[in-house]
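Geometric and topological summary
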Amino acid sequence: MRIITRSEEETAALGEKLASKITGGEIFALEGEMGSGKTAFVKGVMRGLGYKEEVTSPTFSICHVYETTPIVYHYDLYRMTSLDDIFSTGLFDSCDENSVLFIEWARDTEELGEEVKTLFFSYGKKINERIIEAEDGIF
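What counts and how
Residues numbered from 1 in each chain as written. Predicted model: local features only at pLDDT ≥ 70, side-chain atom pairs only at ≥ 80, totals over all residues. Heavy atoms only, no water. Helix = DSSP H or I, 4+ residues; strand = E, 2+ residues; numbered from the N terminus. Expected span 1.5 Å × (residues − 1). Buried < 20%, exposed > 50% of the residue type's maximum accessible area, 1.4 Å probe, protein only. Arc of directions from axis to C-beta. Contact = heavy atoms within 4.5 Å. 1 Å grid on protein atoms, 1.4 Å probe; cavity = no way out; pocket = protein on both sides within 12 Å on 5 of 7 lines; lining within 4 Å. Points joined across faces, edges and corners; volume = space filled by probe spheres on them. Nonpolar A, V, L, I, M, F, W, Y, C, P; charged D, E, K, R; others polar. Phe/Tyr/Trp six-rings, centres within 6.5 Å; stacked < 30°, edge-to-face > 60°. Polar contact = N/O pair within 3.5 Å; in protein donor to acceptor, adjacent residues only side chain to side chain. Pairing = 2+ DSSP bridges. Axes fitted to C-alpha atoms, helices over the stretch in contact; angles between N-to-C directions.

**Some points on helix 1 (residues 8-19)**
In a regular helix each residue adds 1.5 Å, so twelve residues correspond to 16 Å; helix 1 covers 17 Å between its end C-alpha atoms and thus fits that length. Taken together, the buried positions of helix 1 are occupied by Thr11, Ala12, Leu14, Gly15, Leu18 and Ala19. Along the axis of helix 1, the buried residues cluster in a sector spanning 155°; they form a single face. For helix 1, the elements touching its buried residues are strand 1 (2-5), strand 2 (27-32), helix 2 (38-48), strand 5 (99-104), strand 6 (117-123) and strand 7 (130-133).

**Points about the layout of surface pockets**
Looking at the largest pocket, its volume works out to about 290 Å³. Contributing to the lining of the largest pocket are 18 residues, with Gly35, Ser36, Gly37, Lys38 and Thr39 lying nearest its centre. Elements with a minimum of two residues in the lining of the largest pocket: helix 1 and helix 2. With three residues, the top contributor of residues to the lining of the largest pocket is helix 2. Of the residues contributing to the lining of the largest pocket, the split by class is four nonpolar, nine polar and five charged.

**A short note on the environment of Phe102**
Among the structural elements, Phe102 can be located in strand 5. Phe102 gets classed as buried once you look at its relative accessible area, which sits at 0%. Taking the C-alpha atoms as reference points, Phe102 and Glu9, 93 residues apart in sequence, are found 19 Å from one another. Apart from residues lying up to four places away in sequence, Phe102 is in contact with Leu18, Ile22, Phe28, Leu30, Phe41, Val42, Val45, Val72, Tyr73, His74 and Tyr75.

**Topic: the packing of aromatic side chains**
Each aromatic ring pair is specified by the distance between its two centres and by the angle formed by the two planes. Scanning the entire structure with this criterion turns up six aromatic pairs. Geometrically, the ring pair formed by Phe41 and Phe121 is edge-to-face, given 5.5 Å between the ring centres and 70° between the ring planes. Within this pair, whereas Phe41 is found in helix 2, its partner Phe121 is found in strand 6, the two being separated by 80 residues in sequence. Among the residues examined, Phe41 registers a relative accessible area of 0% and is labelled buried.

**Description of the side chain of Thr5**
Locating Thr5 in the fold gives a position in strand 1. Within the structure, Thr5 has its side chain in polar contact with the side chain of Thr11 (distance 2.7 Å).

**Quick word on the sheet that holds strand 1**
Pairing within the open sheet is mixed, and its seven strands lie in the order 1-7-6-2-5-4-3. Both outer strands of the open sheet, strand 1 and strand 3 (63-66), are each paired with one neighbouring strand and no more. On average, adjacent strands in this sheet sit at an angle of 20° to one another, irrespective of strand direction. With four bridges connecting them, strand 3 and strand 4 (residues 71-76) associate as antiparallel partners. Considered in strand 4, the bridge of His64 is made with His74. In the packing of helix 1 onto the sheet, the strands contacted are strand 1, strand 2, strand 5, strand 6 and strand 7, and the crossing angle to strand 1 comes to about 135°.

This is the structure we're talking about:
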C-alpha cells in the first residue's frame, strides 16, 4: 500500500486513522529520512488515542512514554550504534499486550520478532508531499 500525503496535517490524519485499529501489543517500525513525517504520523496516532498533550520527537531522550490506553512508547534509535545500546534503552522490556511501540530508525530490532509492522516514509515530488508505504490492511 502506498499513500501520498500533501501536508503534515494529512500525515497526522493517517496516523489518527491507524489509532482506531490499535488494541495493544502492536510494534511499528518507522523508517525514513529525517523530516519525512515519522513524528507527525505519531502525533496523529496520539490524537486518535485521545492524548491532549504535546507530542515531540524523542531524538534526544530516546523514548517518550504516553499514558494512554494502551500505553504508547515512542522510541528514536537514530543515535544507537549497537544492539547493546538498543538493549540499554529498555525497548525490549516495553513489549507487551498493554502497550504499543513506535520505533523510529528501527534497525537491528529483529529481536522483536516477525510481528513488527514497518512503515516507510519518504519525500514526494512537491515540498510538503510525503509518501508512506506499508503492508496492505495496516490502515
